[in-house]
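# Summary of the model geometry
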Amino acid sequence: MPSKYLEPLLKQLALEYNCAPGDFLRPDNIVTQSCLRENRRHYSDEKPFFHMATLGQNAVITADRKLHPFLRIFAREKGRALFEFPSLLPLERELSQYGYTLMSSFHMFLPKHDVRPESRYPVQWFYGEAIHPFYDKAGFENALNGKNCARPDRIAVCALDGTAIMGMAGCSEDAPGWLQIGVDVMPAYRSRGVGTYLVALLKNEIIARGAIPFYGTSLSNYHSWNIAINSGFYPAWVEIGAKKKPLS
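Residues numbered from 1 in each chain as written. Predicted model: local features only at pLDDT ≥ 70, side-chain atom pairs only at ≥ 80, totals over all residues. Heavy atoms only, no water.

## Quick look at the environment of Gly146
Turning to its location among the elements, Gly146 is positioned in the loop between strand 6 (123–127) and strand 7 (153–161). A relative accessible area of 18% means that Gly146 is categorised as buried. Expressed as a C-alpha distance, the spacing of Gly146 and Glu77, which sit 69 residues apart in the sequence, is 40 Å. Sequence-distant contacts of Gly146, defined by excluding residues within four places in its chain, comprise Tyr135 and Asp153. (Helix = DSSP H or I, 4+ residues; strand = E, 2+ residues; numbered from the N terminus. Buried < 20%, exposed > 50% of the residue type's maximum accessible area, 1.4 Å probe, protein only. Contact = heavy atoms within 4.5 Å.)

## Some points on helix 4 (residues 194–208)
Across its 15 residues, helix 4 extends 21 Å between first and last C-alpha, which sits within 8% of the 21 Å expected from 1.5 Å per residue. Of all 15 residues in helix 4, 11 are buried; the element is thus mostly enclosed. All buried positions along helix 4 are accounted for by Val194, Gly195, Tyr197, Leu198, Val199, Ala200, Leu201, Leu202, Lys203, Asn204 and Ile206. (Expected span 1.5 Å × (residues − 1).)

## Focus on the packing of aromatic side chains
For any pair of aromatic rings, geometry is given as the distance between the ring centres together with the angle between the planes. Per the stated rule, a full pass over the model turns up 14 aromatic pairs. On the numbers, 4.0 Å between centres and 5 degrees between planes, the contact of Phe49 with Tyr100 is stacked. Of this pair, Phe49 sits in the loop between strand 1 (30–33) and strand 2 (50–54) while Tyr100 sits in strand 4 (residues 100–102), and the two are 51 residues apart along the sequence. When sorted by exposure, Phe49 lands in the same class as Tyr100, which is buried. Each ring, one from Phe109 and one from Trp225, has its centre 5.1 Å from the other, and the planes form 85 degrees; the classification is edge-to-face. In this pair, Phe109 is assigned in strand 5 (residues 106–111) and Trp225 in helix 5 (residues 222–230), connecting sequence segments 116 residues apart. Comparing Phe109 with Trp225 shows no difference in burial state: the two are buried. Three or more aromatic residues joined by ring pairs make a cluster, and in this case those are Phe109, Tyr215, Tyr222, Trp225 and Phe233. The cationic tip of Lys112 hangs over the ring face of Tyr234; the distance from NZ or CZ to the ring centre is 5.7 Å. (Phe/Tyr/Trp six-rings, centres within 6.5 Å; stacked < 30°, edge-to-face > 60°. Lys NZ or Arg CZ within 6 Å of the ring centre and 35° of its normal.)

## Digging into the environment of Leu110
Mapped onto the secondary structure, Leu110 falls in strand 5. Overall, the relative accessible area of 0% leaves Leu110 in the buried class. In this structure the C-alpha to C-alpha distance between Leu110 and Phe49, which are 61 residues apart in sequence, comes to 26 Å. The contact partners of Leu110, leaving out residues within four places of it in the chain, are Tyr5, Leu9, Trp178, Ile212, Pro213, Phe214, Gly232, Phe233, Tyr234, Ala236 and Trp237.

## A short note on the pairing of strand 1
Across the two faces of strand 1 the burial differs, with Ile30 and Thr32 buried and Val31 and Gln33 not buried at all. With four bridges connecting them, strand 1 and strand 3 (residues 59–63) associate as parallel partners. Considered in strand 3, the bridge of Ile30 is made with Val60. (Pairing = 2+ DSSP bridges.)

## Focus: helix 3 (residues 85–96)
With 12 residues, helix 3 ought to run about 16 Å at 1.5 Å a step, and its terminal C-alpha atoms sit 16 Å apart, in line with that. Inspection of helix 3 places Ser87, Leu88, Leu91, Glu94 and Leu95 among the buried residues, and these make up the whole buried set. Each buried residue of helix 3 lies within a common arc of 120 degrees when the element is viewed along its axis, so the set occupies one face. For helix 3, exposure combined with an orientation more than 90 degrees from the buried face picks out Phe85, Pro86 and Arg93. In this fold, the buried residues of helix 3 make contact with strand 2, helix 2 (68–74), strand 4 and strand 11 (233–244). (Arc of directions from axis to C-beta.)

In structure tokens, the structure reads:
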């Protein structure tokens, strides 16, 4: 992992997982009591009932105390193995007793390579409130976070074909100085490198402004993985959490 981003990542995750930064580099797994801290990535107003992360070695788990007796046994396995189906199945059964279910795993990326894309398409930049008119338009669900005051959209960049938008990459500030990138490419313009071009441009703009760009996708979305990697990102950590089951 590039040393430039290791220390900030460890500090941010430690804040959110209620542990010390070095706990993510230990050989053994860690279980902590969940809490809500200021400057966390703001994905919920409630304390995590269960959340787990790994940088590829051990696992750090933060959870409600009700789960700790189960987790003390669960966490005896090798950290990486806790993210595999044989481990997740008994975890799902345990969570179900409390009315929770597992969410999808989130595979997270940080910058690694300095990619300077050639100017392939005309682009237009939008900042702050100038992004808001796009909220009422379909097709930008991944690029934009929408009217979420806790994680506001900061920057967006569009590739243009005349006046038609080919695609958009945008970033929301999920925590102070941490800007998550998302991208949407219109169906007629896919497989032309538009997504990679826009994500690389936006990544570079965020870094130039002194913030940290990051990118997340699902395990099986290899199209999104390739966009991230070709834009200069690399897979840095994995997270999985729980959410309340919908009322039947």
